Amino acid sequence: MAGHEFPEPADRKQVADPSSDLQAAEEPRHSCDPAFRHGVVVGFDGSTSSERALAYAVGMARRSGSALIIVHVANRLPTTVWAGCEPPVFVDVPDHRTEVLGLELACADYLTEVPWILVERGGDICHELEEVGREYSADAIVVGSTHGIVGRLFGSVAGRLAKRAQRPVVVIP
């Protein structure tokens, strides 16, 4: 057995500290590098609109002298079928696309102009972008616009994010 253990006295009662629960709830999920605080968050999935958003975010970060936080939200798939079943439960599925995107970004010449990191998340895109923005105290969130039937049916990420975000949202067409 490594180290020494000191048993608690049998008559000692454990008292919960209510302030510790509040502090744990307020702490961010991931500790962030202070060099990236007040940076620019950009949603990136490799699509044409996200590439335009990334290009704009690089320029924005360069002009403001801040860092770039590139966020890829991994896919989530339902575990049940909707046909008469309970509402689906979503599970995070390993998404190797983040690794591929990271390699592509590492080779990109235009990213040498600013310090950047790639953050992978799983879940609702709007929620995760806003959460990363909160964790890094981002000055802005940049996203590409959504085109097509998916955006019409479910609402665009940009539109939903603009309604709920606590910081400026820049939508690149």
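Scope of this entry: the structure provided in the associated data block. Please read all numbers here as calculations on a predicted model, not as lab measurements.

**What about unusual backbone geometry?**
Negative phi characterises most residues that are not glycine, and trans characterises most peptide bonds.
Part 1 of the argument: Look at His 38: it is not a glycine, yet its phi comes out positive at around 65°.
Part 2 of the argument: When you line up the elements, His 38 lands in the loop between helix H1 (18–26) and strand S1 (40–43).
Part 3 of the argument: Look at Ser 137: it is not a glycine, yet its phi comes out positive at around 50°.
Part 4 of the argument: Residue position: Ser 137 is located in the loop between helix H4 (125–135) and strand S6 (140–144).

**Overview of helix H6 (residues 157–164)**
Part 1 of the argument: Regarding H6, the residues found buried are Val 157, Ala 158 and Leu 161. All buried residues of H6 lie within an arc of 90° about the axis, which places them on one face of the element.
Part 2 of the argument: Looking at the buried positions of H6, the neighbouring elements they touch are H4, S6 and strand S7 (169–172).

**Considering helix H3 (residues 97–106)**
Part 1 of the argument: Those residues of H3 lying buried are Thr 98, Leu 101, Gly 102 and Leu 105. Burial along H3 is one-sided: seen end-on, the buried residues are contained in an arc of 105°. Facing away from the buried side of H3, by more than 90 degrees, are the exposed residues Glu 99 and Leu 103.
Part 2 of the argument: Residues of H3 that are buried sit in contact with helix H2 (48–64), strand S2 (68–74) and strand S5 (116–122).

The rules behind these values
Residues numbered from 1 in each chain as written. Predicted model: local features only at pLDDT ≥ 70, side-chain atom pairs only at ≥ 80, totals over all residues. Heavy atoms only, no water. Helix = DSSP H or I, 4+ residues; strand = E, 2+ residues; numbered from the N terminus. Buried < 20%, exposed > 50% of the residue type's maximum accessible area, 1.4 Å probe, protein only. Arc of directions from axis to C-beta. Contact = heavy atoms within 4.5 Å.

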